[in-house]
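Structural characterization, general
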Amino acid sequence: VAEPGCAVPTHRHRNEEEHFLVLSGHYRIAIGDSILEAFPGTRATVPRNTPHSWRNVAEQESRLLAIIVPGGFEQIVYAIKGTPPDEIADLAARFGCDILGPPVAG
């Protein structure tokens, strides 16, 4: 669930591929050099080692289902809580994720 303007930085997973399904709203999803305008029902796959990012560009809360394969990366959700912003890149790296830059533009 993402509020309007919510986004994730451009990053890549070294060990996993990621699958998106837009459940509601409107997302802008960057995968490599491509940008996808994604509405409900849109599916996208991000191959391992591919830079990607998403942003909720709707004027309301939107929902995006993300499935990361193989499992294990989801544990970062528990580890990141309370992590100071300047330590997030190091935490992500321990989970095999490289933060590469700002999110896809709004």
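For the structure, check the block above.
All of the points below concern the structure found in this document. If you're wondering where the values come from, they're calculated on a predicted model, not measured in any experiment.

Description of the layout of surface pockets
One number sums up the size of the largest pocket: a volume of about 710 Å³. Lining the largest pocket are 23 residues, with Val8, Trp54, Phe73, Ile76 and Val77 sitting closest to its centre. Put simply, the parts of the chain that give the lining of the largest pocket at least two residues each are strand 1 (10-13), strand 2 (17-24), strand 6 (52-56), strand 7 (63-69), helix 1 (76-80), helix 2 (88-94) and strand 8 (97-101).

Concerning the environment of Ala44
You can see Ala44 is positioned in strand 5 (residues 43-46). Taking the C-alpha atoms as reference points, Ala44 and Ile29, separated by 15 residues in sequence, lie 8.7 Å from one another. What Ala44 contacts, discounting residues up to four positions off in sequence, is Glu18, His19, Phe20, Ile31 and Leu36.

What about the pattern of salt bridges?
Within this structure, the stated rule accounts for four salt bridges. The salt bridge involving Arg12 is made with Asp98; its shortest N-O contact spans 3.2 Å. Highlighted residues: Arg12 in strand 1 and Asp98 in strand 8, separated in sequence by 86 residues. Residue classification places Arg12 among the partly exposed residues on the basis of a relative accessible area of 29%. Measuring nitrogen to oxygen at the nearest pair gives 3.8 Å for the salt bridge that ties Arg63 to Glu61. Within this structure, Arg12, Arg14 and Asp98 form a network of salt bridges that share partners.

Calculation rules
- What you see as residue numbers is a count from 1 along each chain, following the sequence as written.
- Reporting in this predicted model follows two pLDDT cut-offs: at least 70 for local features of residues, and 80 or more for side-chain atom pairs to be given and counted; totals over whole chains, interfaces and linings ignore these cut-offs and use all residues.
- To get the side-chain values, take all heavy atoms of the structure and skip hydrogens and water.
- Method remark: on a 1 Å grid restricted to protein atoms, a set of points is classed as a cavity if a 1.4 Å probe fits but cannot get out and as a pocket if it is open with protein on both sides within 12 Å along at least five of seven lines; lining residues have an atom within 4 Å of a point.
- Grid points are joined across faces, edges and corners, and a volume is the space filled by probe spheres set on the points.
- Counting from the N terminus, the helices are the DSSP runs of H or I reaching at least four residues and the strands are the DSSP runs of E reaching at least two.
- Residue contacts are counted whenever heavy atoms from the two residues lie within 4.5 Å of one another.
- Just to be clear on terms, a salt bridge is a Lys or Arg side-chain nitrogen sitting within 4 Å of an Asp or Glu carboxyl oxygen.
- Categorising residues by exposure relies on relative accessible area from a 1.4 Å probe, with only protein chains included: less than 20% of the type maximum marks a residue as buried, more than 50% marks it as exposed, and the intermediate range marks it as partly exposed.

Any functional reading would require information beyond the geometric quantities listed.
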